[in-house]
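One-letter residues, chain by chain:
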Amino acid sequence: MRRETIYEIKSLYRDDFRVTGFRFGSGEKAACIMGSMRGNEYQQIYVCSQLVRKLKKLEEQGRIRAGKEILIIPCGNPYSVNTKKRFWTIDNTDINRMFPGYDLGETTQRIADGIFQEIKDYACGIQFASFYMPGDFVPQVRIMKTGKENIELAKKFGLPYVVVHDPRPFDTATLNYNWQVWDTDAFSVYTTSTSAIDTKSAAQAVNAVLGFLSKQEILDYAGFGEYESRVVASHDFINVRMDYAGFFERIVGAGERVEEGDSLARIVDPYTATVRQTITSPVDGMVAFAHSEALAYQNTAVYKLIPEG
Amino acid sequence: MIEETITIAQVNLPVDEELKIAKHRMRPDVGSVKKLEEAHKRIGIVTGIHGDELEGQYVCYELARRIRETPERLCGIVDIYPAMNPFGIDNITRGIPAFDLDMNRLFPGNQDGDMNEYIAAEIIRDMEGTFLCLDIHASNIFLTEVPQIRINELHRDILVPFAKRSNVDLVWVHGASTVLESTFAYSLNDRGIHTLVVEMGVGMRITREYGDQLVDGIFALMKDAGIWDGEVAPMREPVVSYDEQAEDVYYLNAPVSGVFIKQMEHGSMVKEGDVLGQIVDPMSGKVLSEITAPGDGWLFTVREYPVVDEGSLMGRILKPHTET
Ligand SMILES: [Zn+2]
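Residues numbered from 1 in each chain as written. Chains lettered and ligands numbered in written order. Predicted model: local features only at pLDDT ≥ 70, side-chain atom pairs only at ≥ 80, totals over all residues. Heavy atoms only, no water.

Okay, the overall build of chain B next. A tally of regular secondary structure across chain B gives 7 helices and 17 strands. Against the globule reference of 20 Å for 324 residues, chain B gives a C-alpha radius of gyration of 21 Å, in line with a compact fold. Overall, chain B is about 70 × 50 × 35 Å in size when its C-alpha atoms are taken along their principal axes. Long-range pairs, those at least 24 residues apart, make up 69% of the contacts in chain B with a sequence separation of at least 6. Summed over its atoms, the accessible surface of chain B is roughly 13200 Å², and 48% of this surface lies on carbon and sulfur atoms. (Helix = DSSP H or I, 4+ residues; strand = E, 2+ residues; numbered from the N terminus. Rg over C-alpha atoms; globule rule 2.2 N^0.38 Å. Contact = heavy atoms within 4.5 Å. Areas by Shrake-Rupley, 256 points an atom, 1.4 Å probe, with all protein chains shown as cover.)

Structure (structure tokens):
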């Protein structure tokens, strides 16, 4: 294992801004694993740390295949994590909306460029990502439909779902999209949580990544993903929305199977404790996403369901 | 003249509050209408999509005040939308607080979507039938801008003639980019509602002189459209930059992090090598870098907020230009 600084900027009053990478094995650029790029993505850093520990051991045991190199970058934005701010400290821009980056541009464009120059030539790119909505997810691999997406490869993670997603205008500036444009097979892996550490789904993600690297003949590792992945398109997800705002009382969580008519959650009047609405499942299916905050705004998609079939 | 304030979108918030997006409409009395066709012609003055950009607040106020001075001159409809993002204005935040979303990346919205997508969709729906719309921004809190209109190259043929009649100093036609497809202006122009994006002044402040200048321009646009038949001030001729290839402008970025001490004001003509300001380190008391003009031109944007990171935008200079 070699620890190195991938990119750095000098600051006026803070320690240098540093993006740190961990390299394992040597030779062709086989796989790159990217963790958090936003200040609230703790789980994404945590999963990377577990992979660093595991790969260090595997490397010592000689189980990284000859001629293959793996790079892990646990965090592309320590400044925001350390100040508990989601986006860039001074101008609130999102590094994951700045790819492929620009070395002569603004700060976050430079950071995106500094990272991308290091990671764009890897054959496979895996990013631990998060949604903008606060909530829990069923573990899934997301892949963006650019014409270069490789769905068969995505199944090799052995996670329950492979979600194929049509890019929206702003997606064209994400890492995942640009990795694909630069001919990397790119995958976004979602574990259950973001700003809370969920050790169970982190362990599942570690196993999925190691299983994937093994199937790609980068690692010599016995563990494999546990699922025959089901492929679903993101537009087939069913959004369940609240008609009212108020306190959100969750009955069913992410990863649970529900039947049509099952109660999912209640919205309660914050002043009188009256139930404003009980929402029920419109279909038989799997809860892919469940809202996790106490407050819910009107019309928020508090659940996303994958219908059975 | 008839005036009314109309709610265009409304949602309930979790704890004892309603969020309303409203507009103020000014229109002639049916009895006093001179031409029926023009009585239905509408101009929309929109601002506050970015909650910390306040230059448009004065424009909304001043426009209504001047119309009321000679209400009989109003021949069509003026819709004033001062606060598209009321949460942002209340919280001194560019985006939508609680969601950390840039409202200007949500359009055209979605009627069946979440609260913010719904509001965006209702705003677009309300704009249907508008002849001409101005979306007034104030750069951001970091930069000061001369009054200017920015136009996506896709809409240049339709919009440049309007922009030239707006009394701004600069019309900047820029290249198309996919990420801009979710802006308010793109969504409206895409639907055939002519929409000009104004950038002027600086975030968190009101520059009265620029507001007055733009209001003069709005009256000229209204007169051209037949919405107003009163006197209008003489218009200034803007510099027009057709910069689709992004070659007309020098972008100056900070080579180091530090505190910027500005020496030149926006709107200055500069010569190659002129010092715009210095980036200093107050800890050591030393100059870290001098920001100099890479060529001759017009400094139309300059850094206002003193704290800079490596890469922060320090200014923009329009290269010498003959076309007007
Ligand atoms: Zn703005």
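So that's the structure; there's more coming.
Below, the discussion takes up the domain arrangement of chain B. Residues and elements named next belong to chain B. When cut into domains, chain B gives domain 1 (2-243) and domain 2 (249-318). Inter-centroid distance (C-alpha atoms) of domain 1 to domain 2 is 31 Å. Contact residues are listed per partner, giving 16 residues for domain 1 and 14 residues for domain 2. Both sides together, the interface formed by domain 1 and domain 2 hides about 1300 Å², and carbon and sulfur atoms give 67% of it. Its largest share of buried area at the contact with domain 2, domain 1 owes to Phe 142, Leu 143 and Thr 144, together 40% of the area lost on that side. (Domains from an automatic or database assignment. Buried area = accessible area lost by both parts, 1.4 Å probe.)

The next subject is empty space enclosed by the protein. The method is simple in principle: a probe with the dimensions of a water molecule rolls over the atoms, and the space it marks as empty is what remains. Applying the stated rule across the entire model yields 4 cavities of 30 Å³ or more. Approximately 90 Å³ is the volume found for the largest cavity. Lining the largest cavity are Leu19(B), Ile21(B), Met84(B), Asn85(B), Pro86(B), Phe87(B), Ile96(B), Met103(B), Leu106(B), Met115(B), Asn116(B) and Ile119(B). Ranked by residue count, the leading element in the lining of the largest cavity is helix α4 (residues 115-127) of chain B, at 3 residues. Split by residue class, the lining of the largest cavity holds 10 nonpolar, 2 polar and no charged. Size it by volume and the second largest cavity reaches roughly 50 Å³. In terms of lining, the second largest cavity is formed by Ile9(A), Lys10(A), Ser11(A), Phe17(A), Tyr79(A), Trp88(A), Thr107(A), Ser257(B) and Asp309(B). In terms of residue class, the lining of the second largest cavity is built from 4 nonpolar, 3 polar and 2 charged. (1 Å grid on protein atoms, 1.4 Å probe; cavity = no way out; pocket = protein on both sides within 12 Å on 5 of 7 lines; lining within 4 Å. Points joined across faces, edges and corners; volume = space filled by probe spheres on them. Nonpolar A, V, L, I, M, F, W, Y, C, P; charged D, E, K, R; others polar.)

Two measures describe an aromatic ring pair: the distance that separates the ring centres and the angle between the ring planes. Residue and element names in this part refer to chain A. Summed over all chains, the structure comprises 21 aromatic pairs over all chains. Ring plane angle 50° and centroid distance 6.3 Å describe the contact between Phe 248 and Tyr 303, whose orientation is recorded as tilted. Of this pair, Phe 248 sits in strand β12 (residues 246-250) while Tyr 303 is found in strand β18 (residues 301-307), placing the two residues 55 residues apart along the sequence. In this structure, Phe 248 and Tyr 303 share a single accessibility class: buried. (Phe/Tyr/Trp six-rings, centres within 6.5 Å; stacked < 30°, edge-to-face > 60°. Buried < 20%, exposed > 50% of the residue type's maximum accessible area, 1.4 Å probe, protein only.)

Another point: the coordination of the zinc ion. Residues and elements named next belong to chain B. Taken together, His 50 (ND1), Glu 53 (OE), Glu 53 (OE) and His 137 (ND1) make up the full set of protein donors to the zinc ion, lying 2.0 to 2.4 Å away. Its 4 donor atoms give the zinc ion angles of 56 to 150° at the centre, a pattern that matches the irregular case. Between the donor residues of the zinc ion, the gaps in sequence give the motif H-x2-E-x83-H. Placement of the pair is His 50 in the loop between β3 (42-47) and α2 (55-69) and His 137 in strand β5 (residues 132-137), with a sequence separation of 87 residues. (Donors = N, O, S within 2.8 Å, 3.2 Å for Na, K, Ca; no water. Tetrahedral: all angles 85-135°; square planar, octahedral: opposite > 155°, others 65-115°.)

All right, on to the environment of Arg68(B) then. Residues and elements named next belong to chain B. Mapped onto the elements, Arg 68 comes out in helix α2. For Arg 68, a relative accessible area of 43% corresponds to the partly exposed category. C-alpha separation for the pair Arg 68 and Leu 288, spaced 220 residues apart in sequence, amounts to 53 Å. The residues touching Arg 68, leaving out its near neighbours within four places in the chain, are Met 1, Glu 3, His 24 and Met 26. Among the polar contacts listed, one links the side chain of Arg 68 to the side chain of Glu 3, at a separation of 2.7 Å. (Polar contact = N/O pair within 3.5 Å; in protein donor to acceptor, adjacent residues only side chain to side chain.)

Residue and element names in this part refer to chain A. The domain boundaries assigned to chain A delineate domain 1 (2-233) and domain 2 (237-307). For domain 1 versus domain 2, the separation of C-alpha centres amounts to 30 Å. Taken together, the contact pairs 13 residues of domain 1 with 16 residues of domain 2. Around 1100 Å² of area is buried between domain 1 and domain 2 when both sides are counted, 62% of it from carbon and sulfur atoms. Across the contact surface, domain 1 and domain 2 share 1 salt bridge. Among the ionic pairs, Asp 136 bridges to Arg 250, the shortest N-O distance being 3.1 Å. Put simply, domain 1 and domain 2 have 6 residue pairs in polar contact (both at pLDDT 80 or more) between them. (Salt bridge = Lys/Arg side-chain N within 4 Å of Asp/Glu carboxyl O.)

All names here are of chain B. Taken in spatial order, the 4 strands line up as β14-β13-β11-β16 in an open sheet, and their pairing is antiparallel. The sheet is open, and its two borders are formed by β14 (286-292) and β16 (307-308), each paired with just one other strand. Relative to β14, strand β13 (residues 275-281) runs antiparallel, the two sharing 6 bridges. Across the sheet, residue Asp 281 finds its bridge partner in β14, namely Lys 286. (Pairing = 2+ DSSP bridges.)

Residue and element names in this part refer to chain A. Taken as a whole, the second largest pocket encloses approximately 280 Å³ of empty space. Per-element accounting of the lining of the second largest pocket gives the leading share, 3 residues, to helix α6 (residues 199-215). Along the lines of polarity and charge, the residues of the lining of the second largest pocket split into 7 nonpolar, 4 polar and 3 charged. Domain assignment of the residues forming the lining of the second largest pocket places at least three in each of domain 1 (2-233) and domain 2 (237-307).

This part is about the pairing of β12(A). Residues and elements named next belong to chain A. Judged from the 2 bridges that link them, β12 and strand β17 (residues 295-296) form a sheet pairing that is antiparallel. Bridge assignment links Phe 247 to a residue of β17, and that residue is Leu 295. For β12 and strand β14 (residues 263-268), the ladder comprises 4 bridges, and the chain directions are antiparallel. When the sheet's bridge partners are listed, Arg 250 is paired in β14 with Ala 265.

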